[in-house]
Amino acid sequence: SFFGDRLLPVVQELLSPRDPAAVDAAQTSSNLPSVLRGLPQHIQDSCIAAAGTLCPSYEYISGLMQQRMREGGDGVATVGAEVRLHGHIFDSGLINKVLDCIESNGGHFAIAECLVQPHSKTTAVIRVDGQGDQTVLDTILSKINLLVQAIEAAEASLVVVGSGDS
């Protein structure tokens, strides 16, 4: 097939042994991931990430991702906070109620981290977005605090970090 005929030489290049002595000084001194060194330039240029890092030509993506996290989907800065819940948040149902509270009050959330250990308290870090409205965010945070206090079986604590414009 046409695609197979075009792909075969590239695959052969990838699978062929590389001569470490053939790696030029520019490749060894650059921040090019070592796994790509010695590969033909057109293959290096086509790699977006290698060994867990962005390749030099694509490092701008990191900045775009950070900007997107600071902005809503429509490019408007978000009003948000990060909440850290710690306690028996799953077996008490607290986590479900907190997430329902965020959505039912006009917010959005992303679970940034959740550390679950058997027979122990759980820690969850939740990013709460008030959709550009500080009043919405304040209402959500207040209601989450009330839930934490009301559900005694959770033995939970709440810490709010970075409330306001993101």
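Preceding this paragraph is the structure being described.
Residues numbered from 1 in each chain as written. Predicted model: local features only at pLDDT ≥ 70, side-chain atom pairs only at ≥ 80, totals over all residues. Heavy atoms only, no water.

### Considerations on the side chain of Ser-92
So, point 1. By secondary structure assignment, the location of Ser-92 is in the loop between strand 3 (79-87) and helix 5 (94-104).
So, point 2. Other than its neighbours up to four places away in sequence, Ser-92 contacts Ile-151, Ala-153 and Ala-154. (Helix = DSSP H or I, 4+ residues; strand = E, 2+ residues; numbered from the N terminus. Contact = heavy atoms within 4.5 Å.)

### Quick word on the pattern of salt bridges
So, point 1. Scanning all chains against the criterion turns up two salt bridges.
So, point 2. Note that Glu-82 and Arg-127 form a salt bridge whose closest N and O atoms lie 3.7 Å from each other. Of this pair, Glu-82 sits in strand 3 while Arg-127 sits in strand 5 (residues 122-129), placing them 45 residues apart in sequence.
So, point 3. The exposure class of Arg-127 is partly exposed, given its relative accessible area of 37%.
So, point 4. Between Lys-121 and Glu-155 there is a salt bridge, and its shortest N-O distance comes to 3.8 Å. With Lys-121 in the loop between strand 4 (108-115) and strand 5 and Glu-155 in the loop between helix 6 (134-150) and strand 6 (157-165), this pair connects stretches of sequence that are 34 residues apart. (Salt bridge = Lys/Arg side-chain N within 4 Å of Asp/Glu carboxyl O. Buried < 20%, exposed > 50% of the residue type's maximum accessible area, 1.4 Å probe, protein only.)

### Brief notes about unusual backbone geometry
So, point 1. Of note in the backbone geometry, Gln-131 takes a positive phi value of approximately 55° without being a glycine.
So, point 2. Relative to the helices and strands, Gln-131 resides in the loop between strand 5 and helix 6.

### Describing the nonpolar core
So, point 1. Within the largest apolar cluster, 22 residues are counted, with the highest numbers of intra-cluster contacts made by Leu-85, Leu-94, Val-98, Ile-102 and Ile-126.
So, point 2. Breaking this core down by element, the ones donating at least two residues are strand 3, helix 5, strand 5 and helix 6.
So, point 3. Non-local contacts of Leu-85, meaning those with residues more than four positions away in its chain, are made with Leu-94, Ile-95, Val-98, Thr-122, Thr-123, Ala-124, Ile-126, Val-148, Ser-157 and Leu-158.
So, point 4. Core analysis: the second largest hydrophobic core is formed by seven residues, Leu-36, Cys-47, Ala-50 and Cys-55 among them. (Core = buried A, V, L, I, M, F, W, Y, C linked by side-chain atoms within 4.5 Å.)

### Describing a nonpolar patch on the surface
So, point 1. On the surface, a nonpolar cluster with roughly 490 Å² of combined accessible area is contributed by Phe-3, Leu-7, Val-11, Leu-14 and Leu-15.
So, point 2. Along the chain, Phe-3 turns up in helix 1 (residues 2-15). (Patch = residues over 30% accessible without salt bridge, like charges linked within 9 Å, V, L, I, M, F, W, Y side chains within 5 Å. Areas by Shrake-Rupley, 256 points an atom, 1.4 Å probe, with all protein chains shown as cover.)

### Topic: the packing of aromatic side chains
So, point 1. Going through the model one piece at a time under the given rule, you end up with one aromatic pair.
So, point 2. Arranged with centres 6.5 Å apart and planes meeting at 35°, the rings of Tyr-58 and Tyr-60 form a pair that is tilted. (Phe/Tyr/Trp six-rings, centres within 6.5 Å; stacked < 30°, edge-to-face > 60°.)

### Observations regarding the side chain of Thr-123
So, point 1. Relative to the assigned elements, Thr-123 resides in strand 5.
So, point 2. The class for Thr-123 is buried, based on a relative accessible area of 18%.
So, point 3. Reaching out from Thr-123, the side chain makes a polar contact with the side chain of His-86 at a distance of 2.6 Å.
So, point 4. Setting aside residues no more than four positions away along its own chain, Thr-123 makes contact with Arg-84, Leu-85, His-86, Glu-113, Cys-114 and Leu-115. (Polar contact = N/O pair within 3.5 Å; in protein donor to acceptor, adjacent residues only side chain to side chain.)

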